[in-house]
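A look at the structure
Single-letter residue listing:
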Amino acid sequence: MNKDIFLTNNLSNKKEKFVPIDEKKIGMYVCGPTVYDNPHIGNARPLVIFDILFKILKYKYGKNSVTYVRNITDIDDKIIKSSRENNISISELTKKIITNFNSDCDFLICENPSEQPKATEHIDLMIKMIAELINKGFAYESNKHIYFQVNKFKEYGKLSNKKLEDLVAGSRVEVSENKKTPEDFVLWKPSDDNEPFWNSPWGKGRPGWHLECSAMSKKFLGSEFDIHGGGIDLLFPHHENEIAQSRCANDTKVLANYWVHNAFITMSNEKMSKSQGNILRIKDFKDKINGQILRLALMSAHYKQPLDWNDKLLDECKNTIEKWYNVYLPLKIPSKIPNDALLPLYDDLNTPGYIANLHKLFDRANEGDDNDKKIFISACNLIGILNQTKKEWLDFKKKKSLISEEDIFEKIELRNKARENKDYKEADKIRDELLDKGVLIEDKDGKTSWKIK
Ligand SMILES: [Zn+2]
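Residues numbered from 1 in each chain as written. Predicted model: local features only at pLDDT ≥ 70, side-chain atom pairs only at ≥ 80, totals over all residues. Heavy atoms only, no water.

What about helix α1 (residues 41–61)?
- In a regular helix each residue adds 1.5 Å, so 21 residues correspond to 30 Å; α1 covers 30 Å between its end C-alpha atoms and thus fits that length.
- In terms of burial, α1 is a largely internal element, 18 of the 21 residues being buried.
- The first or second residue beyond α1 is G62, which carries a positive phi of 110 degrees. (Helix = DSSP H or I, 4+ residues; strand = E, 2+ residues; numbered from the N terminus. Expected span 1.5 Å × (residues − 1). Buried < 20%, exposed > 50% of the residue type's maximum accessible area, 1.4 Å probe, protein only.)

Topic: the coordination of the zinc ion
- Protein coordination at the zinc ion: the donors are C31 (SG), C213 (SG), H238 (NE2) and E242 (OE), at 2.0 to 2.4 Å from the metal.
- When the donor residues of the zinc ion are listed from N- to C-terminus, their spacing reads C-x181-C-x24-H-x3-E. On the criterion of sequence distance, the pair formed by C31 in the loop between β3 (26–30) and α1 and C213 in helix α6 (residues 211–221) is long-range, its members being 182 residues apart. (Donors = N, O, S within 2.8 Å, 3.2 Å for Na, K, Ca; no water.)

Some words on the packing of helix α4 (residues 123–135) against helix α7 (residues 235–250)
- For the pair α4 and α7, interaxial distance at closest approach is 9 Å and the crossing angle is 70 degrees. In terms of their interaxial angle, α4 and α7 are classed as roughly perpendicular. When you trace α4 past α7, the crossing you get is left-handed. Two secondary-structure elements touch here, α4 through M129, E132 and L133 and α7 through Q245, C248, A249 and N250.
- Along the lines of polarity and charge, the residues of the contact of α4 with α7 split into four nonpolar, two polar and one charged. (Axes fitted to C-alpha atoms, helices over the stretch in contact; angles between N-to-C directions. Parallel < 35°, antiparallel > 145°, perpendicular 65-115°, else oblique. Left-handed = near helix turned anticlockwise from the far one by under 90°. Contact = heavy atoms within 4.5 Å. Nonpolar A, V, L, I, M, F, W, Y, C, P; charged D, E, K, R; others polar.)

As for the packing of aromatic side chains
- Following the criterion strictly, the structure yields 14 aromatic pairs and no others.
- Ring centres of F362 and F376 lie 5.6 Å apart, and the angle between their planes is 65 degrees; on these two criteria the pair is classed as edge-to-face. With F362 in helix α11 (residues 351–367) and F376 in helix α12 (residues 370–382), the pair connects residues that are 14 residues apart, well separated along the chain.
- Classification of F362 by relative accessible area gives buried; the value is 4%.
- When its relative accessible area of 0% is taken as the criterion, F376 is described as buried.
- Between K58 and the ring centre of F54, over which it is positioned, the NZ or CZ distance is 4.1 Å.
- In this arrangement the basic side chain of K162 is found over the ring face of F236, its NZ or CZ atom lying 5.0 Å from the centre. (Phe/Tyr/Trp six-rings, centres within 6.5 Å; stacked < 30°, edge-to-face > 60°. Lys NZ or Arg CZ within 6 Å of the ring centre and 35° of its normal.)

Some remarks on the packing of α4 against α6
- Between α4 and α6, whose axes approach to 9 Å, the crossing angle comes to 105 degrees. Between α4 and α6, the interaxial angle falls into the category roughly perpendicular. Here L125, M126, M129, I130 and E132 of α4 come into contact with α6, specifically with L211, E212, S214, A215, K218 and K219.
- In terms of residue class, the contact of α4 with α6 is built from six nonpolar, one polar and four charged.

Brief notes about the environment of K304
- Residue placement: K304 occurs in the loop between α8 (291–298) and β13 (307–308).
- Judged by its relative accessible area of 38%, K304 falls in the partly exposed class.
- When the C-alpha positions of K304 and K425 are compared, they lie 47 Å apart, and in sequence the two are 121 residues distant.
- Contact partners of K304, with chain neighbours within four places excluded, come to T8, H261, A263 and D348.
- At a separation of 3.4 Å, a polar atom in the side chain of K304 contacts the side chain of T8. (Polar contact = N/O pair within 3.5 Å; in protein donor to acceptor, adjacent residues only side chain to side chain.)

Some points on helix α14 (residues 405–420)
- The end-to-end C-alpha distance of α14 is 23 Å, a good match for the 22 Å that 16 residues give at a rise of 1.5 Å each.
- Of all the residues in α14, the buried ones are I408, I412, R415 and A418. Down the axis of α14, the smallest arc covering the buried residues is 120 degrees, so these residues share one side. In α14, the exposed positions angled more than 90 degrees off the buried face are occupied by E406, E410, E413 and E420.
- Backbone geometry just downstream of α14 places K422 in the positive-phi region, at approximately 60 degrees. (Arc of directions from axis to C-beta.)

See the structure below:
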């Protein structure tokens, strides 16, 4: 389609036409997970949103034209703390969480990014970048720490619309007597004896968190690239600091041309986060629902709007996908998706608008011929939906019941006996066990019936 893609760019706070630096070599960098704990639904939103953007860019510009880099932060204070609390080594912890993270991405039907670099494999590049920043007068050493001197970079605060005075007045910065000015941020810090360290010209230590993205984006995408993404919580200070480090080290006018941020997932209108204690982990859905349902739910609101999470949303998405599978056909070659159907996706990733169009294409497919069905399925596939065969979908549903018919009858009998003995606690326990396995029990007119939930 010759239509343009538009994205809301946080650098200008406007929706802008996407113009790549080189349309055969589009670069997108998205900040990935800090691997100290298993990912939750809030972490899943950027995975799905930027996966869709990756797919759309490939659809428009060609499948070999886009490099999508998503890093893994495998050294960080939170990781050190978690390894101590769980009494396992840092490498064991990060290995385990990375495996779980990748499996969660598969469950959410996200494609692998082109590159998934780890911070600990790029410490040498970070040290090189710090040396450059010191040489150019943007960074200084103080008591074994290296700091970036924020007031040397005149455009600091442009992305987040913050002024230096306000930052200090609002105490949004960590105060330390090592710093020349309070807003300066750390590029390198010394490690204690029992903490991981790397050798550097400034002693044994480890990098500050912000630096890794500047080093790894440069390695894989160059000093200036097209799109930088992440959750809105990364806008300040993380992305602001990435820009300061990269632009000063590389002498460039920009780091990325388009800065795209997704909003939070909320529960009862409160942000879902570990510190709030209201998180739902992705892995806990794996035995209960098909990943497509979660995926559709995650794109049911526009990425810039908060998405309030609830069971009703999942039920609606489940019913939708169930209905859509009624017209499923295996596709050998994808059909062309009509331009008018695609428009919302090109218009700042308007996924709810696109889903509304999918409903219209479904209606056409339901009444039409195989060609209409193929168009509908191709349009679903573009956003990673209906790309399991109908058999896989039905198999999952069967697996969801996780129990044979024989066992169900046996359990019901045991429950009836418990009820006869007035052991209602035991009876309720059996009912809940069955429910956990997807079997719903109903008592009516002295008879017990069951169905798959
Ligand atoms: Zn980052």
